[in-house]
Amino acid sequence: MKIALVIERMDVFRGGRETSTAQTAAELAKRGHEVTILCQSGSWAHPGVQLKTFGRRGPLSVSLLSNFVADVQRETTAGAYDIVHSTLPVPGANVYQPRGGTVPGQAAASRRRHNVVTAAVGDLLRELSPLRRRMTDLERQVVADPKTLLLPVSAMIAAEFEQYYHRTEGVKIVYNAVDIPAAGEQERADWRQRLRYSLGVTSSDVVFLSVAKNLALKGVDRLIETFAHWYHKASPRAVRLVVVGQEMHEGYQRHAGLRDVGRLVTFLPWTAEVSQWYAAADACVLLSWYDPCSRVILEAVRWGLPSITTAYNGAAELLAGGAGIVVPSPRDRAGLAAALEAMMDPLTRRRCTEACSAVAASVSMDRHVNELLTAYEEARR
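If you're wondering where the values come from, they're calculated on a predicted model, not measured in any experiment.

Conventions and cut-offs
- Residues numbered from 1 in each chain as written.
- Predicted model: local features only at pLDDT ≥ 70, side-chain atom pairs only at ≥ 80, totals over all residues.
- Heavy atoms only, no water.
- pLDDT = per-residue confidence, 0-100.
- Helix = DSSP H or I, 4+ residues; strand = E, 2+ residues; numbered from the N terminus.
- Contact = heavy atoms within 4.5 Å.
- Buried < 20%, exposed > 50% of the residue type's maximum accessible area, 1.4 Å probe, protein only.
- Polar contact = N/O pair within 3.5 Å; in protein donor to acceptor, adjacent residues only side chain to side chain.
- Pairing = 2+ DSSP bridges.
- Axes fitted to C-alpha atoms, helices over the stretch in contact; angles between N-to-C directions.
- Core = buried A, V, L, I, M, F, W, Y, C linked by side-chain atoms within 4.5 Å.
- Phe/Tyr/Trp six-rings, centres within 6.5 Å; stacked < 30°, edge-to-face > 60°.
- Disulfide = S-S within 2.5 Å.

Q: Before we move on, can you summarise the confidence of the model for the protein with the specific residues and values?
A: Of the residues in the protein, 96% reach a pLDDT of 70 or more, and the chain-wide mean stands at 91. The lowest-confidence element of the protein is helix α4 (residues 116–128), averaging 67 in pLDDT; the highest-confidence one is strand β8 (residues 149–150), averaging 98.

Here is the structure:
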């Protein structure tokens, strides 16, 4: 099968959408399919995958988007591909999989993060933004086309298609998935010992891990506030919080210092070896304000690492069997404090790890691509 995967920029260091596209392309190519990634710009390469770049044309963001959509349409309407699978709304694509969520879903997430005044200003700016209006128009066209198969990466995003567009037919949930490095028990134990030693913690200390390139969207400020409140309210614990992700984190470090937990919170820049930190940690915490289906939580599940996340994260649906704890919102200080307290218990963490084992296969890239291929056949019919 000749497959075109459409994404604006193809650089796996940009974030989860790019990494997911790369891993999907690699698995499809491994199975013998001809895969071409259509993008404005990109630097990723993999055997069996062609990267076709159109360049970034236009002085404004809205013209960059419009020109890219036109480039993709010219490339794909000639019939050179059996399937056009797009992560942004391109009218005429066979499959639309908004890995970043729907346009109105993103707007709703922005509103709930802010107070009433800031949210109202944000709504006004979105109304005035030519780029936002263009994205809204494109998504409406795509969703209105019954020939386009919609592939939300979680039930949360499927609900957005119904809520905002009243579309329930031709909607097929294909949960996000992740690949993790192959590592034996001894290698993982070595990583754990080395990294915990670098933190100055003992084997009995509890290490909470938050992996987030966008610290604001992942609620790191709320996590620090609640972590400090919980730590000072209870008797002092042998506990640490590690945040991996953003280079510029000085404001968050001051945030921790002002709450007298600066010595307990460690910030680290993004690393390609982030998997080693899953091995070093005892629990993962991601206070998402909006995540269609967070790769971080899926990676934690595959590593057998207990997780805490919010109901605004589509990946929370996979924790329902006991692989972690879901709190309603980053603002729920009491709920998060209770979750942190629960994860201090080794027996609770052990039960979560066992539950992770039960669902690990469901978040594998092998399962994801199997379901994609079934969806492609449905879209072709």
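Next comes the rest of the write-up.
Q: Could you give me a rundown of the side chain of S294, with the residues and numbers involved?
A: Of note, S294 is situated in the loop between β12 (283–286) and α11 (295–303). With sequence-adjacent residues up to four places away left out, S294 is seen in contact with L286, N313 and A315.

Q: Go over the environment of V103 with me, naming the residues and quoting the values.
A: Within the secondary structure, V103 is located in helix α3 (residues 103–113). With relative accessibility at 5%, the residue V103 sits in the buried group. The sequence separation of V103 and H255 amounts to 152 residues, and the corresponding C-alpha distance is 31 Å. For V103, the residues in contact, after removing those within four places along its chain, are R132, M135, T136 and E139.

Q: For the side chain of Q23, give the residues involved together with the corresponding values.
A: You can see Q23 is positioned in helix α1 (residues 16–30). The buried category is assigned to Q23, whose relative accessible area is 15%. At 2.9 Å, the side chain of Q23 and the backbone nitrogen of D179 are in polar contact. Reaching out from Q23, the side chain makes a polar contact with the side chain of R295 at a distance of 3.3 Å. Apart from residues lying up to four places away in sequence, Q23 is in contact with A177, V178, D179, R295 and M365.

Q: Could you give an account of unusual backbone geometry, naming the residues involved and the relevant values?
A: Although it is not a glycine, H166 sits at a positive phi angle of roughly 55°. Tracing the chain through its elements places H166 in the loop between α6 (155–165) and α7 (185–199). Of note in this structure, D260 is not a glycine but carries a positive phi near 60°. Among the secondary structure elements, D260 is positioned in the loop between α9 (250–258) and β11 (265–269). What makes D260 exposed here is its relative accessible area of 52%.

Q: How would you summarise the sheet that holds β11 if you had to cite specific residues and measurements?
A: Spatial ordering of the open sheet is given by β11-β10-β9-β12-β13-β14, a layout of 6 strands whose pairing is parallel. Two strands close off the open sheet at either side, each with one partner strand: β11 and β14 (324–327). Along the sheet, successive strands turn relative to each other by an average axial angle of 20°, direction set aside. Sitting on the sheet, helix α8 (residues 220–233) is in contact with β9 (206–211), β10 (239–245), β11 and β12, with an inclination near 175° to β10.

Q: Any chance you could break down the nonpolar core for me, citing the residues and the numbers?
A: Counting 66 residues, the largest nonpolar core has F208, F227, W230 and Y278 as the members making the most contacts within it. Among the elements that take part in this core, α8 stands out by supplying 7 residues, more than any other. Dropping the residues within four chain positions of it, F208 is found in contact with F227, W230, V239, R240, L241, V242, A283, V285, L340, M343 and M344. Counting 26 residues, the second largest nonpolar core, distinct from the first, contains M10, A25, W44 and V369.

Q: Just give me the short version of the packing of aromatic side chains, but keep the residues and values in it.
A: Overall, the coordinates contain 6 aromatic pairs when judged by the stated rule. Summarising the aromatic geometry, the rings of F227 and Y231 are spaced 6.5 Å apart at their centres and angled 15° between planes, so their arrangement reads as stacked. Taken together, the positions of F227 and Y231, both in helix α8 and 4 residues apart, correspond to about one turn of that helix. Both residues of the pair, F227 and Y231, count as buried. An aromatic cluster of at least three residues, connected via ring pairs, comprises F208, F227, W230 and Y231.

Q: Please give an account of the state of the cysteines that cites residues and values.
A: Applying the stated criterion across every chain yields a total of 0 disulfides. Take C284: it sits in no disulfide, and the sulfur closest to it among the cysteines is that of C356, at 10 Å. Free of any disulfide, C352 has its nearest neighbouring cysteine sulfur in C356, separated by 6.8 Å.

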